[in-house]
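Observations on chain architecture
Given next are the chains, with one letter for each unit.
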Amino acid sequence: MGETKYIFVTGGVASSLGKGIISSSIGKLLQARGYSVTIQKFDPYINIDPGTLNPYEHGECYVTVDGHEADLDLGHYERYLGIETTKANNITTGRIYKSVIDKERRGDYLGKTIQIIPHITDEIKRNVKLLGSKNQFDFVITEIGGTVGDIESLPYLESIRQLKWELGKNALCVHLTYVPYLKAAGELKTKPTQHSVKELQSVGIQPDILVLRSEYELGMGLRRKVAQFCNVDEKSVVQSIDAATIYEVPLLMQEQGLDETILTKMGLPIGNQPELGPWRSFLDRREKAEETDPIHIALVGKYDLQDAYKSIREALSHAGVYNDRKVKVDFVDSEKLTDENVAEALEGKAGVLIGPGFGQRGIDGKFVALKYARTQDIPTFGICLGMQCMAIEFARNVLNLSDANSREMDAKTPNNVIDIMEEQKAITSMGGTMRLGAYECALEPGSNAYEAYGKEIIKERHRHRYEFNNDFKDRYEAAGMQCTGINPESGLVEIVEIPKLKWFVGTQFHPEYSSTVLNPHPLFLSFVKAAINQ
Ligand code: GLN
């Protein structure tokens with residue numbers, strides 16, 4: 001196509017309006033027209049990456065194939081576009097400053113005074129262009145976290161202002177705002193949008209397209225008014241109304257000609273509207289699945305927040321659609337689970353998923369849930385810490401090692417069935433030091449995992465510090481828990497299963513990160529299928 005085009009997505013009025021969904025939807029529509037697209041997220045916080053953040057702060061930590069701990073919006077990008085993101089797709093203010101300070105220490109700036117403008121803004125601009133630099137993408141979409149008007153967003157906005165000036169037609173700004181409905185007045189209000197656009201204009205950015213989030217249909221009169229007050233043409237004011245599923249948003253944007261408006265503004269031919277066939281088939285299938293009697297999957301964890309297990313919830317919903325069944329995920333707080341209430345808590349659940357996590361809090365409830373699920377033969381899926389808990393529970397209650405534990409929870413246990421690796425012991429820093437990113441795993445033919453994947457060698461993403469202790473492997477296998485997935489290089493156990501049960505599989509890796517709309521994850525498909533059939 002020639003030069004890479006840059007689309008910036010900013011947000012105003014309130015946070016949580018769905019910038020990630022809008023960015024992904026724009027990406028999807030451009031991709032459907034045959035363009036190669038990538039999306040990156042710039043987060044204005046100071047942390048180097050979200051790896052050390054409590055999930056209550058920003059939801060789950062997503063992991064890229066190349067081992068970067070990233071913002072959960074990268075999950076949306078991958079699920080919508082079916083692409084793989086990397087470390088370059090998620091930048092934080094912390095990383096920008098670190099890079100600038102490292103350069104300063106090396107003497108790269110030749111005695112200059114280091115300032116936000118131009119040094120920080122240049123570093124931001126360099127990172128924006130990095131993905132486009134090798135001409136590997138026709139479009140680079142850059143989502144700016146936070147809300148316009150925040151102090152920490154300013155260097156990013158100044159960088160966009162400069163880039164828009166430098167790149168001309170090759171850059172475009174989409175601004176997402178919120179149109180509230182005032183019940184007492186019975187009116188939708190555009191003033192917050194006007195103010196938010198003014199805020200952008202005050203830093204020298206004229207948005208090209210406005211996407212208005214609303215719970216209600218926005219009439220033409222309202223859009224005209226916004227267009228007039230905000231210096232954009234009417235066609236460039238698009239509504240983003242609450243949808244039954246986030247995966248409908250690309251179609252809702254397409255209906256309003258958002259992709260055509262973008263192409264026109266960037267001087268590209270419009271051509272025929274893409275049909276988005278497979279995407280529509282997914283939505284049709286989903287709609288039918290929604291009408292079925294739901295199966296309930298218990299998601300056992302300690303973070304009672306939707307976003308904390310975002311990718312797991314999405315992967316389960318994809319698997320439901322492809323199994324033609326509605327899947328309802330019921331969060332079960334592991335901190336509240338006891339032997340006395342577990343039967344009631346898990347009553348009627350078709351499957352149990354034990355979530356990933358860190359630390360002691362809530363762990364005992366996971367053992368309680370696992371013992372119940374194992375003895376009642378309910379299809380069970382353990383992910384990362386969930387898999388480690390499977391091994392610990394089995395050691396305690398089947399191998400009769402009552403003090404079996406992970407070194408993470410009990411540094412002194414002699415029955416350290418989950419242990420820390422030699423090379424991890426020496427590491428004292430918290431950020432980015434776990435086993436991260438994609439590793440190979442060889443599957444045992446005949447196992448549930450092998451049946452699900454249909455091949456022997458797979459690659460999955462990791463994010464953990466502790467591992468199954470191979471010293472105990474023989475005892476496990478003799479007692480009926482098999483190690484059915486092994487890292488061919490290190491010999492580390494990646495999957496455990498109890499073959500005698502209907503479906504009892506634990507993975508040390510995180511399969512949820514790689515489930516996409518058009519490529520649902522085989523293990524989730526298999527788990528949901530087992531849950532339906534049980
Ligand atoms: N806390 C465990 C470990 O570090 C599991 C991590 C996880 O569930 N992501 O090994």
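Up top you'll find the structure we're talking about.
**Overview of the overall build of the protein chain**
Looking only at helices and strands, one finds 19 helices and 22 strands in the protein chain. For a compact globule of 534 residues, the expected C-alpha radius of gyration is about 24 Å, and the protein chain comes in at 25 Å, within 12% of that figure. Overall size of the protein chain, expressed as C-alpha extent along the three principal axes, is 75 × 65 × 45 Å. Put simply, the protein chain has 534 residues, and 58% of those count as buried. Taking contacts inside the protein chain between residues at least 6 apart in sequence as the whole, the part at least 24 apart equals 73%. Surface summary for the protein chain: the accessible area is close to 22100 Å², and the carbon and sulfur share equals 48%. Taken as two groups, the 61 positive and 73 negative side-chain charges of the protein chain have centres that lie 4 Å from each other.

**As for helix α6 (residues 154-167)**
Because an α-helix completes one turn every 3.6 residues, residues spaced three or four positions apart along the sequence face the same direction. With 14 residues, α6 should cover 20 Å at 1.5 Å per step; its first-to-last C-alpha distance of 20 Å lies within 8% of that length. Of all the residues in α6, the buried ones are P155, Y156, L157, E158, S159, I160, Q162, L163 and K164.

**Digging into the site of the ligand**
Taken together, P356, G357, F358, C384, L385, Q388, E408, R463, H464, R465, Y466 and H510 are the residues near the ligand. At 3.1 Å from an oxygen atom of the ligand is found a side-chain nitrogen or oxygen belonging to Q388. One nitrogen or oxygen atom from the side chain of H510 is found 3.3 Å from a nitrogen atom belonging to the ligand. The set of elements that each furnish at least two residues to the shell around the ligand consists of α15 (385-397) and β18 (457-464). For the shell around the ligand, the class distribution of residues is five nonpolar, four polar and three charged.

**Comments concerning the packing of aromatic side chains**
What the rule picks out here adds up to 18 aromatic pairs. Aromatic side chains Y181 and Y216 sit 4.5 Å apart centroid to centroid with 45 degrees between the ring planes, which places their arrangement in the tilted category. Of this pair, Y181 sits in strand β8 (residues 181-182) while Y216 is found in the loop between β10 (209-214) and α8 (220-230), placing the two residues 35 residues apart along the sequence. On the basis of relative accessible area, Y181 is assigned to the partly exposed category, the value being 33%. Summarising the aromatic geometry, the rings of W503 and F527 are spaced 5.3 Å apart at their centres and angled 45 degrees between planes, so their arrangement reads as tilted. With W503 in the loop between β21 (493-497) and β22 (504-507) and F527 in helix α19 (residues 522-533), this residue pair connects regions lying 24 residues apart in the sequence. The pair formed by W503 and F527 is uniform in burial state, with each residue classed as buried. Ring pairs connect the aromatic residues Y80, Y247, W279, F282 and Y322, which therefore count as one cluster. The ring of F367 carries the charged tip of R396 above its face, separated from the ring centre by 4.4 Å. The lysine or arginine in question, R435, covers the ring of Y439, its NZ or CZ lying 4.8 Å from the ring centre.

**Quick look at the environment of A395**
Along the polypeptide, A395 turns up in helix α15. Among the residues examined, A395 registers a relative accessible area of 0% and is labelled buried. Along the chain, A395 and Y476 lie 81 residues apart, while their C-alpha atoms are 7.6 Å from each other.

**Re the pairing of strand β12 (residues 295-301)**
In terms of burial, β12 is largely enclosed, as six of its seven residues are buried. The sheet contact formed by β12 and strand β13 (residues 327-333) spans seven bridges and is parallel. Paired with L299 across the bridge in β13 is F331. Viewed along the sheet, the connection from β12 through helix α12 (residues 310-322) into β13 turns out right-handed.

**Some words on the sheet that holds strand β11 (residues 237-241)**
Strand order in this open sheet of seven strands is β5-β2-β6-β1-β7-β10-β11, and the pairing throughout is parallel. Of all the strands in the sheet, just β5 (90-92) and β11 have a single pairing partner and so form its edges. Between one strand axis and the next, the sheet turns through 20 degrees on average, direction left out of account. Bridge count for strand β7 (residues 171-178) against β10 is five bridges, and the pairing is parallel. Opposite L176, over in β10, you have V211 as the bridge partner. Across the sheet, helix α4 (residues 93-106) is in contact with β2 (37-43) and β5; its angle to β5 comes to roughly 70 degrees.

**Brief notes about the pairing of β2**
Within β2, seven of the seven residues are buried, leaving the element largely enclosed by the surrounding structure. Side-chain alternation along β2 places V37, I39, K41 and D43 on one buried face and T38, Q40 and F42 on a second face that is also buried. Across six bridges, the pairing between β2 and strand β6 (residues 139-144) is parallel. Its bridge partner lying in β6, F42 is registered against I144.

**Considering the nonpolar core**
With 43 residues, the main nonpolar core has I7, I26, L30, F139, V174, I262 and W279 as its most contacted residues. If you tally residues by element for this core, the top one is helix α1 (residues 19-32), at five residues. Every residue in contact with W279, bar those within four places of it in the chain, is listed here: K28, R79, Y80, Y247, P250, L251, V517 and L518. Membership of the second largest hydrophobic core comes to 42 residues, among which are L399, C483, V496 and F504.

**Quick look at the side chain of E512**
Relative to the helices and strands, E512 resides in the loop between β22 and α19. At a separation of 2.8 Å, a polar atom in the side chain of E512 contacts the side chain of H510. What E512 contacts, discounting residues up to four positions off in sequence, is S311, I312, A315, P356, I383 and F524.

**Quick notes on α1**
Given a rise of 1.5 Å per residue, 14 residues ought to cover 20 Å, and the 20 Å separating the end C-alpha atoms of α1 matches this to within 8%. The buried count for α1 comes to twelve of 14 residues, which makes it a mostly enclosed element. Among the residues making up α1, those that are buried are K19, G20, I21, I22, S23, S24, S25, I26, G27, K28, L29 and L30.

Cut-offs used in this document
Within every chain, residues take consecutive numbers counted from 1 along the sequence as written. Only residues with pLDDT of at least 70 are given local features in this predicted model, and only at 80 or more are side-chain atom pairs given and counted; all residues enter the totals for whole chains, interfaces and linings. Values shown for side chains rest on all heavy atoms present in the structure; no hydrogens or waters enter the calculation. Strands are runs of DSSP state E lasting at least two residues, helices are runs of H or I lasting at least four, and both sets are numbered from the N terminus onward. Radius of gyration here is computed from C-alpha atoms only, and the compact-globule reference equals 2.2 Å multiplied by the residue count raised to the power 0.38. Accessibility here uses a 1.4 Å probe with only protein chains present; expressed as a share of the type maximum, an area under 20% marks a residue as buried, one over 50% as exposed, and anything in between as partly exposed. Any two residues whose heavy atoms approach within 4.5 Å at even a single point are treated as in contact. All accessible areas in this document rest on Shrake-Rupley with a 1.4 Å probe, and a residue is counted as covered only by the protein chains that are shown. His is not counted, nor are the chain ends; Lys and Arg add positive charge and Asp and Glu add negative charge. The atom standing in for a charge is NZ when the residue is Lys, CZ when it is Arg, CG when it is Asp and CD when it is Glu. Helix span is expected to be 1.5 Å times the residue number reduced by one. We define proximity as follows: a residue is near a molecule or strand when any one of its heavy atoms falls within 4 Å of that partner. N or O atoms closer than or at 3.5 Å make up a polar contact, with two conditions inside protein: a donor-capable atom paired with an acceptor-capable one, and, for residues adjacent in sequence, both atoms drawn from side chains. Side-chain classes are defined by residue name, with Ala, Val, Leu, Ile, Met, Phe, Trp, Tyr, Cys and Pro counting as nonpolar, Asp, Glu, Lys and Arg as charged, and the others, Gly among them, as polar. Between 30 and 60 degrees the pair is tilted, below 30 it is stacked and above 60 it is edge-to-face, where a pair is any two Phe, Tyr or Trp rings, Trp via its six-membered ring, whose centres lie within 6.5 Å. Placement of a positive charge over a ring is assigned whenever Lys NZ or Arg CZ falls within 6 Å of the ring centre and within 35 degrees of the normal to the ring plane. Should DSSP find at least two bridges between two strands, the strands are regarded as paired. By convention, a crossover is right-handed whenever its connection, traced from the first strand over the helix to the second and viewed with the strands pointing away, goes clockwise. Angular values range over 0 to 180 degrees, each being the angle between N-to-C directions of two axes fitted as lines to C-alpha atoms, with helices fitted over their stretch in contact. Definition of nonpolar core: a set of buried residues of the types Ala, Val, Leu, Ile, Met, Phe, Trp, Tyr and Cys, connected through side-chain atoms within 4.5 Å.

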